[in-house]
Amino acid sequence: AAASDDSDLRNIVHLGTQLTSSSLALGEKLNASGKDVLRAMILGYETAGRIAESIMPGYRDLGFHGSLPASFGAAVAAGCMLKLTPPQMAQAIALTAVSMGGLATAADTSEAREYFAGNAAQAGMNAAMAAQKGYIGEERILDCKRGFLEVFGAEDIDGITRGWGDSWDIVTDMAIKLVPGGHPNHTLAEAAANAAREGNVSADDVDSIIMTRPLSRKMRISLPAKPSHPKNLVDVAHTPAYFVAAAVADKDFSWIHASEQKITDPVIHALIDKIKVGEPVTKDVEKFRQGAVVTINTKAGRSYTSTVYAPRGSGPRGIEWADVDAKYRALVPMAGLDARKIEESLKVIHDFRGIGGVSLLTALLR
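All chains use their own residue numbering, which begins from 1 and follows the written sequence. Only residues with pLDDT of at least 70 are given local features in this predicted model, and only at 80 or more are side-chain atom pairs given and counted; all residues enter the totals for whole chains, interfaces and linings. Note: side-chain values were computed over all heavy atoms of the structure, leaving out hydrogens and water.

S.K.: Hey, could you go over the overall build of the protein chain for me, with residue numbers and the actual values?
M.R.: Looking only at helices and strands, the protein chain has 17 helices and 6 strands in total. Scaling as 2.2 N^0.38, a compact globule of 366 residues should have a C-alpha radius of gyration of about 21 Å, and the protein chain matches this with 21 Å. Here the C-alpha coordinates of the protein chain stretch approximately 70 × 55 × 35 Å along the principal axes. The buried share of the protein chain, taken over its 366 residues, is 52%. A sequence separation of at least 24 residues applies to 75% of the contacts in the protein chain between residues at least 6 apart. Element-wise, carbon and sulfur atoms account for 54% of the exposed surface of the protein chain, whose accessible area totals about 16,900 Å². Averaging the positions of the 39 positive and the 42 negative side-chain charges in the protein chain gives two centres separated by 1 Å. The numbering of helices and of strands both runs from the N terminus, where a helix is a DSSP run of H or I of at least 4 residues and a strand a run of E of at least 2. As defined in this context, the radius of gyration uses C-alpha atoms, and a globule is described by 2.2 Å times the residue total to the power 0.38. Buried means the residue's accessible area, taken with a 1.4 Å probe over protein chains only, is under 20% of the maximum for its type, while exposed means over 50%, and partly exposed covers the values in between. The contact definition used throughout considers only heavy atoms, calling two residues in contact when any of these lie within 4.5 Å. To measure how exposed things are, a 1.4 Å probe is used in the Shrake-Rupley method; for residues, cover is taken only from the protein chains shown. The charge count treats Lys and Arg as positive and Asp and Glu as negative. His and the chain ends do not count. Charged side chains are reduced to one point each, which is NZ for Lys, CZ for Arg, CG for Asp and CD for Glu.

See the structure below:
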């Protein structure tokens, strides 16, 4: 609800939603250990991330949402929990490939995105359970003529399995959202806040704000030529100018900026009208992992610039427990969990690798 799930830095796909729900549900049912669940999630992340990267940007150009490849994460995670044999896992993946769903246009303008998340988890779970019961589909469906990869515009099919096990995508490419909204905009907010703090710039001092980033054909990350004014959280998640203006106004960007009070703040909206999109970054482009540059020009003629190469809470920058804990304590109360259960469940999460049964966590989340 706060657009707070994780992201894959290469794909703008939120895999943790499906991986967590499917593996925790089966983990509880099967009395699995925390280590079993983590293994299932890591392998699901690796599989879905590689498939998603192979069809970028083709599937997004066709109008599909990231929930399409995210289904593979749920299928593999569920398959691991169910201890599928290799032939059964192949069928689970194949069945997922024919379980289509999720159009980006709806996700960008409504709460359909949340429906897509549940649908992707269900599709993967169904595929894994069907494979376990012996259901046979077309196991060549990924790379056959007019199969999944061709239909969705894969450019590097061999890359899906190249170097499998040599490194892990969940370490290098996963990013936990530490603030609300679309992940490609997080570095814009951080850079804007940095520049505002450096110059101790107040909203009244601002003459103009320039935001820019490298062009990315693969990611299809672009900045709108004319900044828009969001009216709700769905708009906010997809409005780069809001991230920048809010960060300049408050010299910070946090969970409070998902609130109606901030979304309707006239100071922020006045700053949005002062934002312009600069020329795309061409220097050190390889360093940018959804990175951005923001420059604040003041009425007194001073300029302050900040460059952020990758978002906080991402693999390239490292993920700190303190940040995870702060996010947990900010968002979990919205689910109605009392303070005692929040702290006890957080302790279990810290030691998740060592717990003997997942129900130790799930019981605390009720």
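S.K.: Describe the side chain of S7, and please don't skip the residues or the numbers.
M.R.: By secondary structure assignment, the location of S7 is in strand 1 (residues 7-8). Given the relative accessible area of 1%, S7 is considered buried. A distance of 3.1 Å separates a polar atom in the side chain of S7 from a polar atom in the side chain of H14. What qualifies as a polar contact is a pair of N or O atoms within 3.5 Å, subject to a donor-acceptor requirement within protein and to the restriction that residues adjacent in sequence count only when both atoms come from side chains. Among the polar contacts listed, one links the side chain of S7 to the side chain of H183, at a separation of 3.2 Å. When near neighbours in sequence (up to four residues on either side) are disregarded, S7 contacts V13, H14, Y45, D173, M174, A175, K177 and H183.

S.K.: Describe the environment of S71, with residues and values.
M.R.: Considering the arrangement of structural elements, one finds S71 in helix 4 (residues 67-81). With a relative accessible area of 4%, S71 lands in the buried category. Sequence separation of S71 and D250 is 179 residues, and the distance between their C-alpha atoms is 38 Å.

S.K.: Quick one: what's the story with the packing of aromatic side chains, residue by residue and with numbers?
M.R.: The description of an aromatic ring pair uses the distance of the two centres, along with the angle that the planes make with each other. To pair, rings of Phe, Tyr and Trp, with the six-membered ring standing in for Trp, must have centres within 6.5 Å; the planes then decide the type, stacked if under 30 degrees apart, edge-to-face if over 60, and tilted in the middle. Here the structure, examined in full by the defined rule, presents 6 aromatic pairs. Between the aromatic rings of F64 and F152, the centroid separation amounts to 5.0 Å while the plane-to-plane angle is 85 degrees, which identifies the pairing as edge-to-face. Residue F64 is located in the loop between helix 3 (58-61) and helix 4, and its partner F152 is located in the loop between helix 8 (148-151) and helix 9 (169-172); the two are separated by 88 residues in the primary sequence. For the pair F64 and F152, a shared accessibility class is recorded, and that class is buried. Between F243 and F253 the ring centres are 4.9 Å apart and the planes differ by 20 degrees, which places this aromatic pair in the stacked class. Of this pair, F243 sits in helix 12 (residues 240-250) while F253 sits in the loop between helix 12 and helix 13 (260-263), and the two are 10 residues apart along the sequence. As far as burial versus exposure is concerned, F243 and F253 are alike and both buried. Members of the aromatic cluster, connected to one another through ring pairs, are F64, F72, F148 and F152.

S.K.: Let's hear about unusual backbone geometry: which residues, and what values?
M.R.: Here the residue pair M56 and P57 is connected by a cis peptide bond, since its omega of -5 degrees sits within 30 degrees of zero. Inspection of the secondary structure puts P57 in the loop between helix 2 (34-54) and helix 3. Positive phi values are uncommon outside glycine, yet K251 reaches one of about 55 degrees. Checked against the element boundaries, K251 lands in the loop between helix 12 and helix 13. A relative accessible area of 22% means that K251 is categorised as partly exposed. Residues other than glycine seldom take positive phi values, yet Q290 does so here, at roughly 60 degrees. Positionally, Q290 belongs in the loop between strand 4 (275-277) and strand 5 (292-298).

S.K.: Quick one: what's the story with the nonpolar core, residue by residue and with numbers?
M.R.: The set of buried Ala, Val, Leu, Ile, Met, Phe, Trp, Tyr and Cys residues whose side-chain atoms join them within 4.5 Å is what this entry labels a nonpolar core. Within the largest apolar cluster, 48 residues are counted, with the highest numbers of intra-cluster contacts made by Y59 and F148. Going through the elements one at a time, helix 1 (16-30), helix 2, helix 4, helix 5 (86-97), helix 7 (112-132) and helix 8 are the ones with two or more residues in this core. Every residue in contact with Y59, bar those within four places of it in the chain, is listed here: N11, V13, A52, F64, H65, G66, L68, P69 and F152.

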